[in-house]
Amino acid sequence: MDLLSFFPEWVLTHGAALLVVLPLLLGAALAVVPSENAAWAISLIVAILCSLIAFALCVQTFGGESLTYAMGGWDPPHGIAYVIDSLSAPVLFLISLMAVLCLLYALPSVRAEVEPKKRAPFYAAFLTCLAGLLGMVTTGDAFNVFVFLEVSSISTYVLVGMGASRDRRALNASFNYLILGSIGATFFVVGLGFLYMETGTLNMADMARILRDLDGGSRVAQVAFAFIIIGLGLKLAMFPLHVWLPGAYAHSPSFVTAFLASTATKAALYLLLRFTFTVYDFEFNYVNSSVMFLLVGFGIAGMVFASLQAIFQTDARRTLAFSSVAQVGYMLLGIGLGTAAGAAAGYLHLINHAVIKGALFICLGAMWYRFGITRIADFRGLSKTMPWTMGAFTISALSLIGVPFTAGFVSKYKLAAAVAGEGWWWAVGVIVVSSILAIIYMGNILKEAYFREPPIVNGEVVARNEAPLMMLIPMWALALASISIGLNSDVIVATANNAAELLFPLADALPGGIFQ
Amino acid sequence: MNPHVILRVVAKFLIPLIVMFAFYVQFHGDYGPGGGFQAGVILAAAVILYALIFGLDAAKKAVPPAIVRIGMSLGVLFYGGTGVVTWLLGANYLEYGVLASDPADGQHYGILAVELGVLFSVASVMVAIFYAFGSRQPDLSDEDW
């Protein structure tokens, strides 16, 4: 534990609360800061501090121990407890690290896409969103989850709507998202109400204990489970509930898209894992059957239909948005399997997909920044006009498809191994089919970029015009992360296995590497 | 001359009372029903009543939008700042007990400070929403119809 000696003792004790308080308070302060650059710098510093703290928490919980922080000094189950364990700490690190990388990219991109007057409040909304996402993952109190869910959602609606100065459709997309997001949050809180009625507590660990004593509880607990799954399903864009996602991803500022694609649905997926396997128990009949049939069914449907929809999009951002819905399907398939190996594969894909999609959306944003293009037909010749951006895009696209030696391959292989281990060979077939569909829709874009000449404008071939360094750094950091995970996945697979062990404590020891 | 003279006189009489009542609800919140949220709404209602009777411009002169905007942030900072103070005193976040030598008194001060933050935020947000809707320019003015 040498790494921990770099952190002050106080930060380690209060890390869980600091992670939420820091972005929340500075977000509020930024709302009155007039200078755009100061707002950006403060946001970046906050994000860096958060990722350092989250890293320390990751290291602390890597061995499987969990840290509990009593808010206000009131001990759980009566007070609100923040709980960090090997399931939540990696998600916290992922969210805050993506925030840092996206913020690096934000300075040029926000300047190009958001009205000058709104830029400083934009960063305030971003920090509030970050606080909400981190809070959702940190807290061990079910009602607190709802509060942070709303904090992050409401600031997300604002962030999406800020795209209006570039594309008026952002307002429409933001409103759609607001309506559906509010319905999701309502379902979630109704579910919590029923759960509170059944157990008489709001502390998640306490709920889990009482539900287990009641052997699954009465019909009230079952109804609560249904409401919670639907509510979270809306938030994480589970296949038939995903209609808000393409619009929100396609029309918001590209910085927001990159950040949301790699964090918002991931935090909701974390909550799904938390509620399905920690608060409820996979042993309960109704949990077992609904997870097996609903999550797997919707996951599979999403993998196929969303991929098909992605093929027929003309706008590259919509292609990637539908691809995100399909990738959520992979995670749901892993989770719905109900085994430690499946949960580990789903969790691994959650992390890898965040890395991949973050990079892809940053690349698309850079292309818009230089040439103002989002339609696939306009991508022609980009391999010559923006070689570095296209390079990072290609690596991430291959990783999304699941080519060997990339992050996407590692998690898809794990997932296929997990479903095959259960004897679900048909599911392996679906994974392969969905990957082939991914080849088609990503291939459409790559084909335009590599096999066609740059367009001719005013009699001259469009000249090479590479993205600025501030954009190249985050996109290449993520692309290289994709490759390095593909080459050596030990740490990240161990992280996913730790998380799965927490969810399935009785599971036998999991195989270590990917090639058992 | 003025068609709303009764309204204006009554409002002028009522507004100070409404504000007083808001602060009563605020500071009595830890003994009886009430607290920062309710007090904030009542305080904002006073401003909104003023705007309804005397016009939006007069209200904006009395409570400038810039101050409202600062008030929204200030409330959150006040609430969170209380937690930071308890941190500096060596306790957990928002552990009010350390704010005074007697933990019971500490809880009392803590809740008052936090509720004051809620009052600022809620009152400012209510007024801000009212200003935002009130200052909207119609796409077509009424005469153009």
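Heads up: these notes are all about the structure in this document. (Residues numbered from 1 in each chain as written. Chains lettered and ligands numbered in written order. Predicted model: local features only at pLDDT ≥ 70, side-chain atom pairs only at ≥ 80, totals over all residues.)

A closer look at the overall build of chain A
- Helix and strand content of chain A: 19 helices and four strands.
- Taken against the 2.2 N^0.38 rule, which gives 24 Å for 516 residues, the C-alpha radius of gyration of chain A at 22 Å falls within 12% of a compact globule.
- Seen along its three principal axes, the alpha-carbon backbone of chain A occupies a region of about 75 × 55 × 45 Å.
- The proportion of buried residues among the 516 residues of chain A is 62%. (Helix = DSSP H or I, 4+ residues; strand = E, 2+ residues; numbered from the N terminus. Rg over C-alpha atoms; globule rule 2.2 N^0.38 Å. Buried ≥ 20, exposed ≤ 12 C-beta atoms within 10 Å, placed from the backbone.)

A look at the overall build of chain B
- Helices and strands together make up the secondary structure of chain B, namely five helices and zero strands.
- Sequence-ordered secondary structure for chain B, helices as α and strands as β, is α-α-α-α-α.
- Over its C-alpha atoms chain B spans a radius of gyration of 19 Å, topping by over 25% the 15 Å that the globule rule assigns to 145 residues.
- Each principal axis of the C-alpha atoms in chain B carries an extent, and together these give about 65 × 35 × 20 Å.
- In chain B, which comprises 145 residues, the share counted as buried stands at 34%.
- Long-range pairs, those at least 24 residues apart, make up 62% of the contacts in chain B with a sequence separation of at least 6. (Contact = placed C-beta atoms within 7 Å.)

Focus: the interface of chain B and chain A
- Between chain B and chain A, the contact holds 15 residues from the first and 13 residues from the second.
- Within the side of chain B that touches chain A, the residues separate by chemical class into eight nonpolar, five polar and two charged. (Nonpolar A, V, L, I, M, F, W, Y, C, P; charged D, E, K, R; others polar.)

A word on helix α7 (residues 204–213) of chain A
All names here are of chain A.
- What α7 keeps buried is the set M204, D206, M207 and L211. Buried residues of α7, viewed axially, fall in a sector of 155°; they line one side.
- Lining the buried residues of α7 we find α5 (142–161), α6 (169–199), α8 (219–236) and α10 (254–279).
- Once α7 ends, the next one or two residues include D215, with phi positive near 60°. (Arc of directions from axis to C-beta.)

A word on the packing of helix α2 (residues 36–61) of chain A against helix α4 (residues 119–138) of chain A
All names here are of chain A.
- At a minimum axis distance of 8 Å, the contact between α2 and α4 shows a crossing angle of 15°. Classified by the interaxial angle, the pair formed by α2 and α4 is roughly parallel. Our pair here, α2 against α4, has a crossing hand that is left-handed. Contacts from E36, A39, W40, S43, V46, A47 and C50 in α2 reach R119, A120, Y123, A124, F126, L127, L130 and L134 in α4.
- Each residue belonging to the contact of α2 with α4 can be placed in one class, and the counts come to 12 nonpolar, one polar and two charged. (Axes fitted to C-alpha atoms, helices over the stretch in contact; angles between N-to-C directions. Parallel < 35°, antiparallel > 145°, perpendicular 65-115°, else oblique. Left-handed = near helix turned anticlockwise from the far one by under 90°.)

Some remarks on unusual backbone geometry
All names here are of chain A.
- In this structure, P77 follows P76 across a cis peptide bond, with omega equal to 10°.
- Secondary-structure assignment places P77 in the loop between β1 (67–70) and β2 (81–84).
- Look at D215: it is not a glycine, yet its phi comes out positive at around 60°.
- Mapped onto the fold, D215 is located in the loop between α7 and α8.
- One non-glycine residue, A237, lies in positive phi territory at about 65°.

Some remarks on the packing of helix α12 (residues 316–336) of chain A against helix α16 (residues 407–421) of chain A
Residues and elements named next belong to chain A.
- Put simply, α12 and α16 touch, their axes get as near as 10 Å, and they point 35° apart. The hand of the α12/α16 crossing is left-handed. In contact with Y330, L333 and G334 of α12, α16 contributes L415, A418 and V419.
- Of the residues contributing to the contact of α12 with α16, the split by class is five nonpolar, one polar and no charged.

Some remarks on the environment of K117 of chain A
Residue and element names in this part refer to chain A.
- In this structure, K117 sits in the loop between α3 (88–113) and α4.
- For K117, a count of 11 C-beta atoms within 10 Å gives the class exposed.
- Taking the C-alpha atoms as reference points, K117 and P34, separated by 83 residues in sequence, lie 8.6 Å from one another.

Description of the environment of F227 of chain A
- Here F227 of chain A is to be found in helix α8.
- Each residue touching F227 of chain A, except ones within four places of it in the same chain, is listed here: F187, V190, G191 and F194 of chain A.

Description of the environment of A316 of chain A
Residues and elements named next belong to chain A.
- Locating A316 in the fold gives a position in helix α12.
- The buried category is assigned to A316, around which 28 C-beta atoms lie within 10 Å.
- Considered as a pair, A316 and R166 are 150 residues apart in the sequence and their alpha carbons are 16 Å apart.
- For A316, the contacting residues outside a window of four places in its chain are L364, T374, R375, I376, F379 and I445.

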